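The lines below spell out each chain.
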Amino acid sequence: MYVIFMGPPGAGKGTQAERVARELELERLAPGDLFRQAVKQQSELGAKVQCFMERGELVPDEITIRVILERLDEIGEGRGVILDGFPRNSIQAIALDEALEKQNKTIDRVINIQVAPSELVLRLSSRWLCRECQCPYSSTDTNNPHPEGCPVCGEELFQRSDDKSETVKRRLEVYFKETAPLIDYYRKQNKLFEVEGQGGIEKITERIIKALE
Ligand code: AMP
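Criteria and cut-off values
Residues numbered from 1 in each chain as written. Predicted model: local features only at pLDDT ≥ 70, side-chain atom pairs only at ≥ 80, totals over all residues. Heavy atoms only, no water. Helix = DSSP H or I, 4+ residues; strand = E, 2+ residues; numbered from the N terminus. Rg over C-alpha atoms; globule rule 2.2 N^0.38 Å. Buried < 20%, exposed > 50% of the residue type's maximum accessible area, 1.4 Å probe, protein only. Contact = heavy atoms within 4.5 Å. Areas by Shrake-Rupley, 256 points an atom, 1.4 Å probe, with all protein chains shown as cover. Lys, Arg positive; Asp, Glu negative; His and termini not counted. Charge placed at Lys NZ, Arg CZ, Asp CG, Glu CD. Salt bridge = Lys/Arg side-chain N within 4 Å of Asp/Glu carboxyl O. Axes fitted to C-alpha atoms, helices over the stretch in contact; angles between N-to-C directions. Nonpolar A, V, L, I, M, F, W, Y, C, P; charged D, E, K, R; others polar. Pairing = 2+ DSSP bridges. Polar contact = N/O pair within 3.5 Å; in protein donor to acceptor, adjacent residues only side chain to side chain. Near = heavy atom within 4 Å.

**Describing the overall build of the protein**
For the protein, the helix and strand inventory stands at 9 helices and 8 strands. Compactness check: the protein gives a C-alpha radius of gyration of 17 Å against a globular reference of 17 Å for 213 residues, within 12% of the reference. Across its three principal directions, the C-alpha atoms of the protein cover 50 × 40 × 35 Å. Residues counted as buried form 45% of the 213 residues belonging to the protein. Within the protein, residue pairs in contact and separated by at least 24 positions form 70% of the contacts whose partners lie at least 6 positions apart. When the accessible surface of the protein is summed, it comes to about 11,600 Å², and 48% of that surface belongs to carbon and sulfur atoms. Across the protein, the 30 positively charged side chains and the 36 negatively charged ones have centroids separated by 2 Å.

**Observations concerning the pattern of salt bridges**
Evaluated as defined, the whole model comprises 20 salt bridges. Close ionic contact of Arg-127 with Asp-163 constitutes a salt bridge, the shortest N to O distance being 2.8 Å. Pair noted here: Arg-127 is in strand β5 (residues 127–130) and Asp-163 is in the loop between β7 (157–158) and α7 (165–179), with a separation of 36 residues, a long-range link. Assessed through its relative accessible area of 0%, Asp-163 is described here as buried. When the shortest N-O distance is used, the salt bridge between Arg-171 and Asp-162 registers 3.9 Å. With a relative accessible area of 9%, Asp-162 lands in the buried category. Within the structure, one salt-bridge network assembled from shared partners comprises Lys-13, Glu-18, Arg-28, Asp-33, Arg-36 and Asp-84.

**Notes on the packing of α7 against helix α8 (residues 181–188)**
Relative to each other, α7 and α8 sit at 35 degrees, their axes nearing to 5 Å. Residues Tyr-175, Phe-176, Lys-177, Glu-178 and Thr-179 of α7 touch α8, and the partners they reach there are Pro-181, Leu-182 and Ile-183. Residues belonging to the contact of α7 with α8 are distributed by class as follows: 5 nonpolar, 1 polar and 2 charged.

**Observations concerning the sheet that holds β5**
An order of β6-β5-β7 is seen for the 3 strands of this open sheet, with the pairing classed as antiparallel. Each of the sheet's edge strands pairs with one partner strand only, and the pair in question is β6 (136–138) and β7.

**Some remarks on the environment of Arg-187**
Residue placement: Arg-187 occurs in helix α8. By relative accessible area, which is 41% here, Arg-187 ends up partly exposed. Residues Arg-187 and Ile-201 lie 14 residues apart in sequence; the distance between their C-alpha atoms is 25 Å. Here Arg-187 is in contact with Leu-192 and Glu-194, once residues within four sequence places are set aside. Polar contacts involving the side chain of Arg-187 include one to the side chain of Glu-194, which spans 2.9 Å.

**Focus on the sheet that holds strand β1 (residues 2–6)**
Sheet architecture is open: 5 strands sit in the order β2-β3-β1-β4-β8, paired in parallel fashion. The open sheet has two free edges, formed respectively by β2 (27–29) and β8 (192–196), since each of these has just one partner strand. Sheet twist, expressed as the average angle between the axes of neighbouring strands with direction ignored, equals 25 degrees. In this sheet, strand β4 (residues 109–114) lies alongside β1 in parallel orientation, the contact comprising 4 bridges. Following the sheet pairing, Phe-5 is matched in β4 by Ile-111.

**Some words on the site of the ligand**
Taken together, the neighbourhood of the ligand is formed by 17 residues, with Arg-36, Glu-57, Gly-85, Arg-88 and Gln-92 sitting nearest. One of the side-chain nitrogen or oxygen atoms of Arg-160 is found 3.1 Å away from an oxygen atom of the ligand. Here an oxygen atom of the ligand sits 3.4 Å away from a polar atom, N or O, in the side chain of Arg-171. Within the complex, the protein chains bury 94% of what would otherwise be the 480 Å² of accessible surface of the ligand. It is helix α2 (residues 31–40) that provides the largest number of residues to the shell around the ligand, a total of 4 residues. Its residues assigned to classes, the shell around the ligand comprises 6 nonpolar, 4 polar and 7 charged.

Spelled out as structure tokens, the structure:
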């Protein structure tokens, strides 16, 4: 099973992809995570992608497509995969379709998590993540105002450098210009499932799992 998770930055795509992957025992493949790890490790890939990420721009297609297709090859036949954040434009979508077709495979479902644009900026600029387990935490969460550390494992919380307000604005612009048109691309292939991304985390996971059944 190959599933794509789509949605604007701040829709909760990563959180949901992680929960659904755990629940359905699928592999989660997220270019954003791979790139962040490369930057942290100061690898050659990290040096190439860092400036694009910091500006809220997409990493060039030739880099992203190569990294993702290599990783898909490594995962191999045995496991289903959730693609979390790939493809993000039509060049990537076509490259993915062509690569899968060569192996007689195809994308099975595309989950599009919908959240009102007015909520996205607030969600992103109040998002904090745990350095250790990556658990997200919102500083607007009135049930849990400003914990010292991660509510799950106690480690330090940090804000992603691309969650600062100027970069958030650019990431949203890029999403609406480059990524949102893919919704139609997959709708035309009858693969698109729209999921309401507002409400409790558990409820949204349930909706997605139902759409995948
Ligand atoms: P994310 O963690 O999905 O929000 O991605 C963080 C950043 O990684 C994005 O703002 C881009 O700079 C880069 N990135 C992630 N996925 C892609 C992609 N499919 N194509 C190009 N750049 C990407």
